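Structural features, examined
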Amino acid sequence: MAMAPFAASAAQFPSSFNSSFSSRNQSGTVKKSLRVHSLFGGKKDNDDNSDNSSSKAGILGNMQNLYETVKKAQMVVQVEAVKVQKELAVAEFDGYCEGELIKATLSGNQQPVRIEITEAAMELGAEKLSLLVTEAYNDAHQKSVQAMKERMSNLAQSLGMPPGLTEGLK
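So, here's what we can say about the structure.

Scoring rules and cut-offs
- Residues numbered from 1 in each chain as written.
- Predicted model: local features only at pLDDT ≥ 70, side-chain atom pairs only at ≥ 80, totals over all residues.
- Heavy atoms only, no water.
- Helix = DSSP H or I, 4+ residues; strand = E, 2+ residues; numbered from the N terminus.
- Buried < 20%, exposed > 50% of the residue type's maximum accessible area, 1.4 Å probe, protein only.
- Contact = heavy atoms within 4.5 Å.
- Pairing = 2+ DSSP bridges.
- Axes fitted to C-alpha atoms, helices over the stretch in contact; angles between N-to-C directions.
- Polar contact = N/O pair within 3.5 Å; in protein donor to acceptor, adjacent residues only side chain to side chain.
- Expected span 1.5 Å × (residues − 1).

Regarding the side chain of Ser107
You can see Ser107 is positioned in strand E4 (residues 102-107). Judged by its relative accessible area of 6%, Ser107 is buried. Discounting residues that sit within four places of it in the chain, Ser107 has contacts with Leu88, Ala89, Ala91, Phe93, Val113 and Ser144.

Notes on the sheet that holds strand E3 (residues 92-96)
For sheets, the rule is that strands pair by backbone hydrogen bonds, running either parallel or antiparallel. Within the open sheet, the three strands sit side by side as E3-E4-E5. Their pairing is antiparallel. Every other strand in the sheet has two partners, leaving E3 and strand E5 (112-117) as the edge strands with one partner each. Sheet twist, expressed as the average angle between the axes of neighbouring strands with direction ignored, equals 15°. Pairing of E4 with E5, which is carried by five bridges, proceeds in the antiparallel orientation. Looking at the pairing, Leu106 lines up with Pro112 of E5. Packed on one face of the sheet, helix H3 (residues 126-158) meets E3, E4 and E5 and runs near 140° to E3.

Concerning the side chain of Thr105
Here Thr105 lies in strand E4. Side-chain polar atoms of Thr105 contact the side chain of Asp94, separated by 2.8 Å. Ignoring anything within four residues of it in the chain, the contact list for Thr105 reads Glu92, Phe93, Asp94, Gln111, Pro112, Val113 and Arg114.

Description of H3
An ideal rise of 1.5 Å per residue puts 48 Å on 33 residues; H3 measures up with 48 Å between its terminal C-alpha atoms. For H3, the set of buried residues is Leu129, Leu132, Ala136, Ala140, Ser144, Val145, Ala147, Ser153, Leu155 and Ala156. A positive phi of about 90° marks Gly160, the residue just after H3.

Note that all results are geometric; they support no functional claim without further evidence.
Structure, rendered in structure tokens:
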């Protein structure tokens, strides 16, 4: 199958293409070619031997800048997340059962801190006492988790994340 010769005019390509379309070789045959310099950031001169990052052209240079920006953002997020985790570790959240006969205290990291049981709760028997402790624990856990979600959501928003991305945290 014979291929048709490449026939295009300079008007068919954007001005960012540096093109040369015709040249004659010694036998008089017209040679048509297309050189693309701007597709990936422009023509790089062969005499330019500098290695500084400001001379990096095109996509590769932009990718390096993007990579460096992302790395800096990751560092900021890690530092801020550690601060939030430390705040939550020292915070305490109290949960109560019905009638406030039992008080369960959890840290902001959902670690149990203490359980306080009143004399009245002790008189209810082991089965009822177990249910009341579980109820108080679940209440404290729910409050602790909610506080953690709110703080992480606030952190995400303070770092410029769109509000829609933090909705899953609530």
